[in-house]
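# Structural features, examined
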Amino acid sequence: MKDTIAVNPLIEESWREALAEEFNAPYFKEIKKKILEEKKAGVVLYPPGKEIFNAYNLTPFHQVKVVILGQDPYHGVGQAHGLCFSVPIGVTPPPSLKNIFKEIKNDLGIEISKEKGNLEGWAGQGVLLLNALLTVRAGEPASHHEIGWEIFTDATIKKLSDEREHLVFILWGKFAEQKENLIDARKHLILKSAHPSPFSATKFFGNKHFSKTNEYLTRHGKGVIDWGNI
């Protein structure tokens, strides 16, 4: 069976239209070629092909209210499913996600079960959970750093900034903060802090990004995100 991305990216229609130029660009053809070559060589990649564009498929272009930016998919078995920081049902939340939940409790008083880690409930409310890199080799973090994904996801961020208004862009850590120049701060709210990783969590805690997001969305008539709904 041919790999889906190598033939026809499985992506929601509004995103297919919004990013049509990217899908037709030479660099995107090279991404597809590279992924197909690695799979033919027996390299294990995450997430599964049908879930590479999960963030886009669960949060259509015109439904986006919030963008949370991650770096690349989890590289452990069964963890990655196309949403940054999220893991499939039944998989133990990684440390960074646990720290995100701690901040939600500190900020909003909402307690999320330690057993839960699937953030599809956020995605369904308009939170685009976007990794800058959409694929990774098993056991090799950032291994697809140079195959072209950042061109594609940078285009995603800029398209949202240019064509939408009053979105919240949440940038955690130095890597995510590098994307700030793609966002028009006159039209959108940009929230920045340290990354929720255990290495920097002490500086992450207290950022109150979840309440600040809802205050901004309310002010602009967009409706709040139920951060406890996962």
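Quick note: structure is the one above.
Residues numbered from 1 in each chain as written. Predicted model: local features only at pLDDT ≥ 70, side-chain atom pairs only at ≥ 80, totals over all residues. Heavy atoms only, no water.

### Concerning the pattern of salt bridges
Opposite charge on two side chains permits pairing when their charged atoms draw close. Under the counting rule described, the total for this entry stands at 11 salt bridges. Across the pair Lys34 and Glu38 runs a salt bridge whose closest N-O atoms are separated by 3.7 Å. With Lys34 and Glu38 both in helix H4 (residues 26–40) and four residues apart, the pair spans about one turn of that helix. Taking relative accessible area as the criterion, Lys34 reaches 30% and is therefore assigned partly exposed. In this structure Glu38 comes out as buried when scored by relative accessible area, which is 7%. Measuring nitrogen to oxygen at the nearest pair gives 3.0 Å for the salt bridge that ties Asp184 to Arg186. When its relative accessible area of 18% is taken as the criterion, Asp184 is described as buried. Among the ionic contacts, a cluster of salt bridges with common partners joins Lys34, Glu38, Arg137 and Glu140. (Salt bridge = Lys/Arg side-chain N within 4 Å of Asp/Glu carboxyl O. Helix = DSSP H or I, 4+ residues; strand = E, 2+ residues; numbered from the N terminus. Buried < 20%, exposed > 50% of the residue type's maximum accessible area, 1.4 Å probe, protein only.)

### Here we look at the layout of surface pockets
Rolled over the atoms, a probe sized like a water molecule indicates the empty space that remains. Taken as a whole, the largest pocket spans an internal volume of roughly 580 Å³. Taken together, 30 residues form the lining of the largest pocket, with Gln71, Asp72, Tyr74, Phe85 and His195 sitting closest to its centre. Only strand E2 (66–70), helix H6 (95–108) and helix H9 (173–177) provide two or more residues apiece to the lining of the largest pocket. The class makeup of the residues in the lining of the largest pocket is 16 nonpolar, 12 polar and two charged. Counted as a void, the second largest pocket has a volume near 210 Å³. The wall of the second largest pocket is formed by Pro93, Lys98, Phe101, Lys102, Lys105, Ile110, Glu111, Ile112 and Lys114. The class makeup of the residues in the lining of the second largest pocket is four nonpolar, no polar and five charged. (1 Å grid on protein atoms, 1.4 Å probe; cavity = no way out; pocket = protein on both sides within 12 Å on 5 of 7 lines; lining within 4 Å. Points joined across faces, edges and corners; volume = space filled by probe spheres on them. Nonpolar A, V, L, I, M, F, W, Y, C, P; charged D, E, K, R; others polar.)

### Some words on the nonpolar core
Counting residues in hydrophobic clusters, the biggest one holds 65 residues, and the most contacted among them are Phe53, Ile68, Ile100, Trp122, Trp149 and Phe152. Element by element, the count of residues in this core is highest for strand E5 (residues 168–172), at five residues. Beyond its immediate stretch of four places on either side in the chain, Ile68 contacts Cys84, Phe85, Trp122, Val127, Leu128, Leu129, Leu130, Ile170, Trp172 and Trp227. (Core = buried A, V, L, I, M, F, W, Y, C linked by side-chain atoms within 4.5 Å. Contact = heavy atoms within 4.5 Å.)

No statement about biological role is implied by the geometric values presented.
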